[in-house]
Amino acid sequence: MCGIAGIARRNRGSDAHLTRAVSVDALHRMAGALRHRGPDGSGHYVDGRVGLAHVRLSIIDVAGGAQPLGNEDGSVLIVYNGEVYNYLELREQLARAGHRFRTRCDTEVLVHAYEQWGTAMLSRLNGQFAFAIYDRNTDTIFLARDRFGVRPLFYSLSGGDLVFASEAKALFASGEVAPELDPVGLDQVFTFWAARPPRTVFRGVSQLEPGTCAVWTGGDGLLRHARYYELEYPEAREESADALRDLGDLLDSSVALRLRSDVPVGGYLSGGLDSSITCGLAAKGSPFSLRTFSVTFDDPRLDESEFQRLVANQLRSRHQIQSIGPADVAAVFPDVVRHTETPLLRTAPAPMYLLARLAREHDIKVVLTGEGSDELFLGYDLFKETAVRLFCLRQPASPARPRLFERLYPYLDPRGRRGDFWRHAFLDAGAPDDPLFSHLPRFLLTSRIKDFYSADLRSALAGRDALEDLREALPREFMRWSPLNRAAYLEMVTLLSPYLLSSQGDRMSLAHGVEARYPFLDTRVFEFAARLPTGSKLRGLKEKAILRRWARVAGVVPPAVQQRTKQPYRAPDVPPFFTGSSPDYVQELLDESHLARTGLFEPAAVAGLVRRCRAGTAMGFRESQALVGILSTELWYKQFINDARPLARPAELSRLHQVPAAL
């Protein structure tokens, strides 16, 4: 896995004297800002109007895969972040078509795939990637991002000049883009947990949407977008007789492809079904003794160490554990925000940051992980909640039906006023014909943070409605899908890609130069799951039914893990900042005078929240989300807006090499 960056200036024709050449120093700074993503090497290319930079995490063809990399005459150049897992099969096709290869890496396969198929190459790729291809013959730059948004790609377009990079901080390091707050992007964070692509929390900075590509043309400086992959849910009426066999074959193939590496591949082991399946299949297929890594928590309500040990013992893996307490979360939280480049509503990325650090300390650069399974096989409580809400609303006067919420959420409303609580929280949250029905309880709960907005922020957002914007962006066939598949789609586009795969995924692992791979997010696995009847995935209140059935037959995980109820991954939110010695930055950033200077939140309202947190009387998700959201926003604002400065110097990149035009 790597980091990419580039600058491309519009061809101004007869006014060419007005065109500034791309600065090598700017490319150095951009690469320096991404050094954590690729600590093994770096390179750049510049030809006047176009410059490319790359930092490398060497995984395939360790000795021969340096970038930027080009074709034989240097007319096509690529900088690439990611892996294309079926590159060996594509290489064979391209060799038969007459292409000649000088390296063993998947990067060169992409160059020749572009020569052979043009932008249509994307339909042939099975992988997680973001790349930029500079075609000198056509004076174009071709940008692309994988189907599910595993790898990021940010860009800014001004006056026809394009600046792009794997992370926004590299755009700012270029000196071409100034970091400024986008209030609409911030409001999306406080609605969905993350800004929805192409929006970001930075004004003038966009992110390429998952499953899309774009072509920038030097002649007019325009960036033309296209979607090459749509999420679709062609649900079958009945489960195929071969469904279990097909699921097993797909999982075997997906894991086998993701074990392709010239360095050892490890696994994240949470103790849940998904990571246990992933590690179980990896242990069978890996040529190395599998290394597994887990986090455990001091709080027994969050700890899953019993199941982690059970799986690790069955796999006989070399298992490493990162024990995490509140102070550990608080200590790394500023670094976490700097890497995520966005405000956060939960501290959950912090343990993932520490887990990636643990893997790298044990010389593991690549890990398999189970993300994506819950979205594909209806594993979250949200899907069960949607089914229960629909069941209750079919007989709204029934006093018995809402009691199903007690089985689903036994820990909510401990004061016992469950009837009114269930109705207010779930049954009055929205009508079944609202496209956002499944997610409205979550969206509305998250949006309570907006009670703390300052008058200025409210004014800046006047007339904007994040929920209405989402409704208008839904695909035309959305309402023809079943309610549970509509919920699955919303989970994919509002949470999985912009938050789970970003703030908890790519940004945390690559903060330490560790590449995470996601077998459940193989396109073939997604499309198999999308065709299943929803009853094959959610049976009553039992989530991931078909996956559990397959795991029982395959025997890849212990029976106790096969049948355990899903435990959502959580980390302590308020305790890290108010237990024992509170970190200095908490006092500084939540001080009323500091809040007033930033101007985003009402200081008096925040002061009341802080008093409740210090006293241990803050209750529920609303106040914990508000505390983390406000604190992380102030951290983010300080790091990126107030303290904006060059993030790397050319002297820090002494290993940067110049790539010749002809390779």
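Residues numbered from 1 in each chain as written. Predicted model: local features only at pLDDT ≥ 70, side-chain atom pairs only at ≥ 80, totals over all residues. Heavy atoms only, no water.

A. Up close: the nonpolar core. Grouped together as the largest cluster of nonpolar side chains are 187 residues, with contacts concentrated most on M121, F131, I277 and F577. Once residues within four sequence positions are removed from consideration, M121 is found in contact with L110, A113, Y114, F131, I133 and F142. Ranked by size, the runner-up nonpolar core spans 20 residues in total, among them Y45, L52, A132 and L223. (Core = buried A, V, L, I, M, F, W, Y, C linked by side-chain atoms within 4.5 Å. Buried < 20%, exposed > 50% of the residue type's maximum accessible area, 1.4 Å probe, protein only. Contact = heavy atoms within 4.5 Å.)

B. Fine view of the sheet that holds strand β14 (residues 291-297). Here 5 strands make up an open sheet; going across it, the order is β15-β14-β13-β16-β17 and the pairing parallel. Each end of this open sheet is capped by a strand with a single partner; those strands are β15 (318-324) and β17 (515-517). In this sheet, adjacent strand axes meet at a mean angle of 30° when their direction is disregarded. In this structure, strand β16 (residues 366-368) lies alongside β17, joined through 3 bridges in parallel fashion. Paired with V367 across the two strands is A516, which belongs to β17. (Pairing = 2+ DSSP bridges. Helix = DSSP H or I, 4+ residues; strand = E, 2+ residues; numbered from the N terminus. Axes fitted to C-alpha atoms, helices over the stretch in contact; angles between N-to-C directions.)

C. How the structure looks around a negative patch on the surface. A contiguous patch of negative charge, built from D584, E588, D591, E592 and E602, is present on the exposed surface. Summarising the element assignment, E592 is placed in helix α26 (residues 592-598). (Patch = residues over 30% accessible without salt bridge, like charges linked within 9 Å, V, L, I, M, F, W, Y side chains within 5 Å. Areas by Shrake-Rupley, 256 points an atom, 1.4 Å probe, with all protein chains shown as cover. Salt bridge = Lys/Arg side-chain N within 4 Å of Asp/Glu carboxyl O. Lys, Arg positive; Asp, Glu negative; His and termini not counted. Charge placed at Lys NZ, Arg CZ, Asp CG, Glu CD.)

D. Examining the environment of L302 more closely. If you trace the backbone, L302 turns up in the loop between β14 and α8 (305-315). When its relative accessible area of 9% is taken as the criterion, L302 is described as buried. In this structure, the C-alpha to C-alpha distance between L302 and Q567, residues 265 residues apart in sequence, is 8.4 Å. Residues contacting L302, with those up to four places away along its chain left out, are F297, Q567, R570, A571 and P572.

E. Structural context of the confidence of the model for the protein. In this model, the protein carries a mean pLDDT of 92, and residues with pLDDT of at least 70 account for 95%. Low pLDDT, under 50, characterises residues 645-663; the stretch is placed with 54 contacts to residues that sit more than four places away or in other chains. (pLDDT = per-residue confidence, 0-100.)

F. Local environment of empty space enclosed by the protein. Within this structure, the stated rule accounts for 7 cavities of 30 Å³ or more. Put simply, the largest cavity is a space of about 200 Å³. In terms of lining, the largest cavity is formed by 20 residues, of which the most central are F154, Q207, T342, P498 and S502. At the level of secondary structure, the elements contributing two or more residues to the lining of the largest cavity comprise α18 (483-500) and α19 (502-510). Per-element tally for the lining of the largest cavity: the top contributor is α19, with 3 residues. For the lining of the largest cavity, the class distribution of residues is 9 nonpolar, 7 polar and 4 charged. Here the second largest cavity defines a volume of roughly 110 Å³. Forming the walls of the second largest cavity are 15 residues, and the residues nearest its centre are C2, R56, L57, D106 and T107. If you list the elements that add at least two residues to the lining of the second largest cavity, you get β3 (50-56), β5 (76-84) and α3 (106-117). Ranked by the residues each element gives to the lining of the second largest cavity, the list is headed by β5, at 3 residues. When the residues that make up the lining of the second largest cavity are grouped by side-chain class, the tally is 7 nonpolar, 5 polar and 3 charged. (1 Å grid on protein atoms, 1.4 Å probe; cavity = no way out; pocket = protein on both sides within 12 Å on 5 of 7 lines; lining within 4 Å. Points joined across faces, edges and corners; volume = space filled by probe spheres on them. Nonpolar A, V, L, I, M, F, W, Y, C, P; charged D, E, K, R; others polar.)

G. Spatial organisation of the packing of helix α5 (residues 183-192) against helix α17 (residues 466-473). Where α5 contacts α17, the two axes come as close as 10 Å, and the packing angle between them is 85°. It follows that α5 is roughly perpendicular to α17 by the angle criterion. Contacts between α5 and α17 involve D187, T191 and F192 from the former and A466, L467 and L470 from the latter. (Parallel < 35°, antiparallel > 145°, perpendicular 65-115°, else oblique.)

H. A nonpolar patch on the surface, seen in detail. Taken together, the side chains of Y411, L445 and F621 make up a nonpolar region of the molecular surface, amounting to roughly 270 Å² of accessible area. Checked against the element boundaries, L445 lands in helix α15 (residues 440-446).

I. Seen up close, helix α20 (residues 523-531). Every buried residue of α20 is listed here: T523, V525, F526, F528, A529 and A530. Each element contacted by the buried residues of α20 is listed here: α6 (243-258), α11 (373-376), α18, α21 (534-537) and α22 (545-554).

J. Structural view of the packing of helix α2 (residues 87-96) against α3. Running from N to C, α2 and α3 cross one another at 45°; their axes reach a closest spacing of 10 Å. One way to sum up the angle between α2 and α3 is to call them oblique. Judged by the sense of rotation from one axis to the other, the crossing of α2 with α3 is left-handed. Contacts from Y87, L90, R91, Q93 and L94 in α2 reach D106, V109, H112, A113, Q116 and W117 in α3. (Left-handed = near helix turned anticlockwise from the far one by under 90°.)

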